[in-house]
Amino acid sequence: GPGEGASPAPQPLIRPVASFARPDGAECVLVQDGVRNAMSLAEALDKAQGGGLILVRPGKYETMLCFKTAGVTVAGDGSSEDCVIKVVGAAKGFPPCAVVCRAFECRLVNMTVHFAGLEAESNAILVQSGSLSVMNCDIHNGIGTGILVRSSMDATILGNRLHDCGACGVRLEQDVHASVRYNDIIRCKGAGVEVREGANPIIEFNRIVKGKTSGVLVVVGGRGIVRENEFL
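Residues numbered from 1 in each chain as written. Predicted model: local features only at pLDDT ≥ 70, side-chain atom pairs only at ≥ 80, totals over all residues. Heavy atoms only, no water.

## Describing the overall build of the protein
Note the cut-off: What counts as a helix is a DSSP run of H or I of at least four residues, what counts as a strand is a run of E of at least two, and both are numbered from the N terminus. Only protein chains enter the accessibility calculation, which uses a 1.4 Å probe; a residue is then buried when its area is under 20% of its type maximum, exposed when over 50%, and partly exposed in between. Residues count as neighbours in contact if any of their non-hydrogen atoms are within 4.5 Å of one another. Calculation of accessible area relied on Shrake-Rupley with a 1.4 Å probe; when residues are assessed, cover is drawn exclusively from the protein chains displayed.
Looking only at helices and strands, one finds one helix and 23 strands in the protein. Within the protein, buried positions represent 47% of all 232 residues. In the protein, the share of contacts with a sequence separation of at least 24, taken over all contacts with a separation of at least 6, comes to 47%. Counting only carbon and sulfur atoms, one obtains 52% of the accessible surface of the protein, whose full area is about 11,200 Å².

Written as structure tokens, this is what we have:
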């Protein structure tokens, strides 16, 4: 009859992606080169290449995030309060922190980051080398600093909520060029933003309130632009 012996219809080249958006039993989806693969968060961090996007499912994770490949983005696939990284104590071979950046042009978006260790010199987010953009995140470290940017590194800190930190909300070390804009920095025991010698950030349109010491503390030799912030 008609069609007998005909070749089967070609399969579509583009697979449906809806079923991959929130895969059952997987912590996240790695989107890379137009392909989505469900996997654990630790596996995605190992496999991600430049330009890769790791979409984290809503949930609470105890995996320390280490950005070690340039150009990788980690983003919560839901509201920031539903996508939580909570780390208790330092991971082996790492300083005490919940997120560490060791590569350039990385991004952390739409996540809650909570360091719950007892180390006084800890940081919820540490830019150890390279550059990191932190956007629309909820950041808390009851003992140490919220975000620390090491000497000569770079960061964009935009639209976050940093609260109840045991030390500074944001600390910028020597020769850091950073942008700190549109953040709520609330109830920190140290300065809301601390600018060390040689740092030259832009600090603007932030709300820095209910702190125990300074709103913005500029150490001798620190520079930068500080404007249009609200201090209470």
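Right, picking up where we left off after that structure.
## With respect to the pairing of strand β13 (residues 154–158)
To keep it simple, the criterion reads: DSSP-based pairing: two strands are paired if at least 2 bridges between them are found.
Alternating positions in β13 separate cleanly, Ala155 and Ile157 being buried on one face and Asp154, Thr156 and Leu158 remaining unburied on the opposite face. Here strand β10 (residues 123–135) runs beside β13; their pairing, made up of five bridges, is parallel. By the bridge assignment for β13, Ser131 is matched with Asp154. Pairing of β13 with strand β16 (residues 177–181) involves five bridges; the strand directions are parallel. The residue bridging Asp154 from the neighbouring strand is His177, located in β16.

## Thoughts on the side chain of Glu204
What counts, and what does not: Polar contacts, as counted here, are pairs of nitrogen or oxygen atoms within 3.5 Å of one another; within protein the pair requires one atom able to donate a hydrogen and one able to accept it, and residues that are adjacent in sequence qualify only if both atoms are side-chain atoms.
Note that Glu204 resides in strand β19 (residues 202–204). A polar side-chain atom of Glu204 sits 2.7 Å from a polar atom in the side chain of Arg181. Here the side chain of Glu204 touches Arg227 through a polar contact of 2.6 Å, side chain to side chain. Setting aside chain neighbours within four positions, we find Glu204 in contact with Val180, Arg181, Tyr182, Arg227, Glu228 and Asn229.

## Points about the environment of Val84
Assignment of secondary structure puts Val84 in strand β7 (residues 83–87). Classification of Val84 as buried rests on a relative accessible area of 12%. Sequence-wise, Val84 and Ile139 are 55 residues apart; in three dimensions their C-alpha atoms are separated by 10.0 Å. Contacts of Val84, omitting those with residues within four sequence positions, involve Gly59, Lys60, Tyr61 and Thr112.

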